[in-house]
Amino acid sequence: MIGLRAIINKVGAYPLLIGMAFVWVSCMSAVPHLSKQQLDDAKSKHIDLEAGRRTYINNCSGCHELHTPAEFNKTQWMQIFPKMSQKAHLSISDSTEALAYLCAAAKPNEVQ
Ligand code: HEC
């Protein structure tokens, strides 16, 4: 029995750590970072999608939980966003970046 407790202590900590890492990763991916390609494409149009993501996280969780961008398609975000942008008192440039982020991370529009 020598060292059994030590082994349990050691093994016991890993599932906990892995569990915490999983929760952390799955939370992060709900509001995902975008690919370098997407960031660069937007940058060439002077839109900073990472800043848009931050604006979204910082300004859109005051009244309700953050919605996952992939919950809606682009068309739906274009419909929902203006009202919410007003509620959050976003400036025009913050609005533009946050909406660009949401559209870039949105689920694909259904093919008609
Ligand atoms: C002042 C409070 C408030 C703020 C700030 C706010 N919302 Fe909302 N949001 C609401 C309320 C209330 C609803 C419920 C339905 C409605 O009013 O359309 C809602 C609903 C939503 C929905 C669900 C719409 C649907 O059709 O299911 C989305 C998505 C959303 N908000 C996104 C955002 C985004 C993006 C921002 C930041 C730009 C934001 N919200 C900031 C109050 C807020």
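Residues numbered from 1 in each chain as written. Predicted model: local features only at pLDDT ≥ 70, side-chain atom pairs only at ≥ 80, totals over all residues.

What to know about the overall build of the chain
Move 1: When helices and strands are counted, the chain shows five helices and zero strands.
Move 2: What you see in the chain, going N to C, is helices and strands ordered as α-α-α-α-α.
Move 3: Looking at the chain as a whole, 18% of its 112 residues qualify as buried. (Helix = DSSP H or I, 4+ residues; strand = E, 2+ residues; numbered from the N terminus. Buried ≥ 20, exposed ≤ 12 C-beta atoms within 10 Å, placed from the backbone.)

Digging into the site of the ligand
Move 1: In the vicinity of the ligand there are 14 residues, among which Cys60, Cys63, Met84, Lys87 and Ala88 approach most closely.
Move 2: Broken down by element, the residue count for the shell around the ligand peaks at five residues, all from helix α4 (residues 74-87). (Near = placed C-beta within 6 Å.)

Quick look at α4
Move 1: Look at α4: 20 Å from first C-alpha to last across 14 residues, which is about the 20 Å you get at 1.5 Å a residue.
Move 2: Every buried residue of α4 is accounted for by Trp77, Phe81 and Ser85.
Move 3: Remark: His89 follows α4 within two positions and exhibits a positive phi of approximately 55 degrees. (Expected span 1.5 Å × (residues − 1).)

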